[in-house]
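Here's the letter readout for the chains.
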Amino acid sequence: MAAGVAMVPSPTTGCAMAAAAAVSIAALSWFLLSHGFFKISSSRTQKPSSRKKSRTGLIDAIGNTPLIRINSLSDATGCEILGKAEFLNPGGSVKDRVALKIIEEAFASGQLYTGGVVTEGSAGSTAISLATVAPAFGCKCHVVIPDDAAIEKSQILESLGVIVERVRPVSITHKNHYVNIARRRAAEANQFSTVRRNGINKSVRDEKLASEKPSSLFSNDCTSGFFADQFENLANFRAHYDGTGPEIWEQTDRSLDAFVAAAGTGGTLAGVSRFLKDKNPDIKCFLIDPPGSGLFNRVTRGVMYTKEEAEGKRLKNPFDTITEGIGINRLTENFMMAKLDGAFRGTDKEAVEMSRFLLKNDGLFLGSSSAMNCVGAVRMAKALGPGHTIVTILCDSGMRHLSKFFNPEYLSQHGLTPSATGLEFLGL
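Residues numbered from 1 in each chain as written. Predicted model: local features only at pLDDT ≥ 70, side-chain atom pairs only at ≥ 80, totals over all residues. Heavy atoms only, no water.

K.L.:
Quick one: what's the story with the nonpolar core, residue by residue and with numbers?
P.N.:
Within the largest apolar cluster, 36 residues are counted, with the highest numbers of intra-cluster contacts made by Ile70, Leu73, Ile81, Met354, Leu358, Cys374 and Ile390. Breaking this core down by element, the ones donating at least two residues are β7 (258-261), β8 (284-289), α12 (348-362), α13 (368-384) and β10 (389-394). What Ile81 contacts, discounting residues up to four positions off in sequence, is Ile68, Arg69, Ile70, Leu73, Ser74, Ala377, Val378, Ala381 and Ile390. Ile248, Phe275, Leu276 and Phe296 belong to the second largest nonpolar core, which has 33 residues in total. (Core = buried A, V, L, I, M, F, W, Y, C linked by side-chain atoms within 4.5 Å. Buried < 20%, exposed > 50% of the residue type's maximum accessible area, 1.4 Å probe, protein only. Helix = DSSP H or I, 4+ residues; strand = E, 2+ residues; numbered from the N terminus. Contact = heavy atoms within 4.5 Å.)

The following block contains the structure:
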């Protein structure tokens, strides 16, 4: 071959070389795959397995809330302090679960029908949840609320189309306690619907019932009245035993050391504590109790009174605390279902300071009961020591607590102006 003349492979030779190279690459690939050197992702040909199906309507969006690490409290205590973010429910609070369970069971038992009215005596959050859930079942809502509850709660209720009665706070034994009025309203709704079904001229009694019914309370097509009775209705407990508790169990990989929460109706504390104890009796379950409540004494001493009450100095309003929806001076059917190892006391000042600390350090804008729960979580962490996992409930956001809990003027009037720079108010 002459010098300087390049060799150009024939087409046949080029094809053979390409084929040989392809075989070599295929053989090498097979060798690497078979020996686990690399894996081929199927994400290009299959939908991501993590993609969740859309939820069907508002009802399907209730529950399965995230469990989030509260970084500031975890770092300060050496424990993993986790909060169940119940403020992410569609109605904005943990009470969505209760409202749904109560209405579902009322329909199943034949006590409530489409077109009926659900009544409740509530300091706010349960009423808002009932007002959110009831329309999904074709029902309306009538709420009786104490007039010392944050005004924004009644404003939200009215915006949701609820009939709201604001009444003075009195003892539960008084006929005009807001819970007792709500119970009467349900009975009145049932009487009215019965009259409408049977005809108002059937008897003098029916005519009297019809004439006494205020037109503003029930619509003419009202089919039934049902008193939700969140304090005594064990659907409340079941909502958390069947839902919140199992979610916490799975979200912690079935490994947690303690659960702590405050109690109003007692449903959340009872349902979650009993479920967790049924799964692992070694999990510590504690109450955190606000000022004026008798539950701390009940859990720790077996009696339902405070030192002041024992001395005959019981306050006219024993729930004189800035926190809302927690604390009570009687035992409810729901609370009696709880399995508890002990209790802590919390103060209004601690709850206020905690709310500001979490807002500043974690960006968590939480309501008064959520803040009190976090006070309890820190107390639990101090009692157990570093290295433990503690879960609490973040019931609702601060948006429903602007007129009192987040009102500087109101706090100043009650000597509750926050001043802490860290967690020194809890000894950290």
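K.L.:
Run through the pattern of salt bridges, naming residues and quoting values.
P.N.:
Oppositely charged side chains can form a pair if their charged atoms are brought close together. Applying the stated criterion across every chain yields a total of 18 salt bridges. Taking the shortest distance from any N to any O, the salt bridge between Arg238 and Glu105 comes out at 2.7 Å. Placement of Arg238 in helix α8 (residues 235-251) and of Glu105 in helix α3 (residues 95-108) is noted, with a sequence separation of 133 residues between them. Since its relative accessible area comes to 25%, Glu105 is described here as partly exposed. (Salt bridge = Lys/Arg side-chain N within 4 Å of Asp/Glu carboxyl O.)

K.L.:
Could you give me a rundown of the environment of Ile62, with the residues and numbers involved?
P.N.:
Locating Ile62 in the fold gives a position in the loop between α1 (11-34) and β1 (67-69). The sequence separation of Ile62 and Val133 amounts to 71 residues, and the corresponding C-alpha distance is 9.6 Å.

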